[in-house]
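Descriptive analysis of the structure
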Amino acid sequence: MSLEYRVQSPIDNEILETFDTATDEEIQSVIAKATSAYDDWSALTLAQRGEALGRLAQLFRDNKEELAKISCIEMGKPLAEMIEETEFSADIIQYYADNGEKFAAEQTIDTPDGDAVVRRLPIGPLVGVMPWNFPYYQVARFIGPNLMLGNTIILKHAEICPRSALAVEKLVREAGLPEGVYNHVFANHHQIADIIADDRIQGVSLTGSERAGAAVAAQAGKHLKKSVLELGGTDPYVILDTDDVAAAAKQAWETRMVNTGQACNSNKRLIVMDDIYDEFVAELVTLAEAMKPATWETHEEGTYTPLSSRNAAEKLRRQLDDAIAAGATLHAGGELAEKGAYLSPAVITGIPRGSESYYDEFFGPVAEVYKVSSDEEALEVANDSRYGLGGAVLSTDEDRAKALAAKLKVGMANVNTPAGEGAELPFGGVKRSGYGRELGPLGMDEFVNKQLYYVAK
């Protein structure tokens, strides 16, 4: 059996189950099913598709604890966080069930010589390549708008989340969606390239690494397919001032530790004014040093769970070593456990601007802190990134925070909150964070034929 798709405990690295990679014949069968199902699925009314998605959303809610435990075992996230993710996934699917008709409504265009409308129509079978860090949320934000629109789906999940992939497929069947409308496949990278190249496939969405995004974008471009990419970031989190440094540090720390730091739009770079910087760093160090290891079942405040895999933990440790070699100071944490995927939460400062480490994404429990002495310098540091996913500016003076946030070169700028979250809020970035948007009304405006329908007078 192939070890590519596997359940491998991040607690102790034990392989619990393995799954065979799909054969080329199975891949062709899946493409055929998605293509065949498209005609009937797209012919349904939006209301009919919305009813099916509403049933799927309810099944996510009804099975949230079972679903959460499946993914916790696979990638180590605390149970409470995974239950919350499953609930959010249900909300996303329900959001499109409730609003899809409005988002796909015809748009009238004034023209003197005829009647013109823009119709928003589905385009056909799509392939989604999803990551492990949010096993249900990532899937929901791709399938919610696209199934509602009338497209069909072929989904490749992360190699370490096979049970999560199977669980979603089971719920889709229970919700009564016709066979072939949603298909998961344990494909390898070469097979995904073949799927993208197939003339029957009309688009591809990927959430993952910059390297994976570049490969998929190249394949999509070669075959003239629409693509949407979300590729991570080094989001700035700017603290201009605060009445309570300890509380500000705690909020920043707790935000950074969500999902053990493995969130694309996490507050990866903490940019702090010099008058509160020393106290802020000291508070972070105190919080970091108090953290104790736990499992997804025993997690509580003040504890941390493992990263998704031993490889991820080892990579993060190498990144810390590189930053230290470049001149940074590691104040706390960064200790790699002998087994499993545990790396103790870390606080690091003084990563030199211009070094490779400065531009790296630390995908794990690492708080990078940078000292600035003016709003102008804070903005300069915030925008000095190859990525542009999200960013936040916090201040007791809302106008001051708004003025700086408005100049962030990111896809999502937030004022006095770590991040705006909701099924209705578009998600996506610029620069090397990718392109396209998911969630909100814009999430249903990507894989769509915005067809001009013109009748001459």
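Now for a description of the structure that goes with this document.

What counts and how
Residues numbered from 1 in each chain as written. Predicted model: local features only at pLDDT ≥ 70, side-chain atom pairs only at ≥ 80, totals over all residues. Heavy atoms only, no water. Core = buried A, V, L, I, M, F, W, Y, C linked by side-chain atoms within 4.5 Å. Buried < 20%, exposed > 50% of the residue type's maximum accessible area, 1.4 Å probe, protein only. Helix = DSSP H or I, 4+ residues; strand = E, 2+ residues; numbered from the N terminus. Contact = heavy atoms within 4.5 Å. Phe/Tyr/Trp six-rings, centres within 6.5 Å; stacked < 30°, edge-to-face > 60°. 1 Å grid on protein atoms, 1.4 Å probe; cavity = no way out; pocket = protein on both sides within 12 Å on 5 of 7 lines; lining within 4 Å. Points joined across faces, edges and corners; volume = space filled by probe spheres on them. Nonpolar A, V, L, I, M, F, W, Y, C, P; charged D, E, K, R; others polar. Expected span 1.5 Å × (residues − 1).

**Comments concerning the nonpolar core**
- Counting residues in each nonpolar core, the largest one holds 60 residues, and the members touching the most others are Leu56, Phe60 and Ile143.
- Ranked by the residues each element gives to this core, the list is headed by helix H4 (residues 79-103), at 9 residues.
- Other than its neighbours up to four places away in sequence, Leu56 contacts Ile93, Ile143, Leu171, Val172 and Ala175.
- Counting 57 residues, the second largest nonpolar core, distinct from the first, contains Leu270, Phe280, Ala328 and Tyr370.

**A word on the packing of aromatic side chains**
- All chains considered together, the criterion is met by 13 aromatic pairs.
- With centroids separated by 4.8 Å and ring planes inclined at 35°, the aromatic side chains of Tyr5 and Phe186 adopt a geometry described as tilted. Placement of the pair is Tyr5 in strand S1 (residues 5-8) and Phe186 in the loop between strand S7 (182-184) and helix H7 (189-197), with a sequence separation of 181 residues. Here Tyr5 matches Phe186 in class, with each residue buried.

**What about the layout of surface pockets?**
- Considered as a void within the structure, the largest pocket measures approximately 1600 Å³ in volume.
- Forming the walls of the largest pocket are 44 residues, and the residues nearest its centre are Trp132, Gly208, Ser209, Ala212 and Lys315.
- Counting residues per element, the ones that place at least two in the lining of the largest pocket are H7, strand S8 (203-207), helix H8 (210-222), helix H11 (310-326) and helix H12 (356-359).
- In terms of residue count, H11 provides more of the lining of the largest pocket than any other element does, 8 residues in total.
- Considering only residue class, the lining of the largest pocket consists of 19 nonpolar, 11 polar and 14 charged.
- Taken as a whole, the second largest pocket encloses approximately 910 Å³ of empty space.
- As for the second largest pocket, its lining consists of 36 residues, and the residues nearest its centre are Phe134, Val258, Asn265, Ala419 and Glu421.
- The element that contributes the greatest number of residues to the lining of the second largest pocket is H4, accounting for 4 residues.
- Residue composition of the lining of the second largest pocket, grouped by class: 17 nonpolar, 11 polar and 8 charged.

**Looking at helix H2 (residues 46-62)**
- With 17 residues, H2 should reach 24 Å at 1.5 Å per residue; the first-to-last C-alpha distance of 24 Å fits that figure.
- The complete set of buried residues in H2 reads Leu46, Arg49, Gly50, Ala52, Leu53, Gly54, Leu56, Ala57, Leu59 and Phe60.

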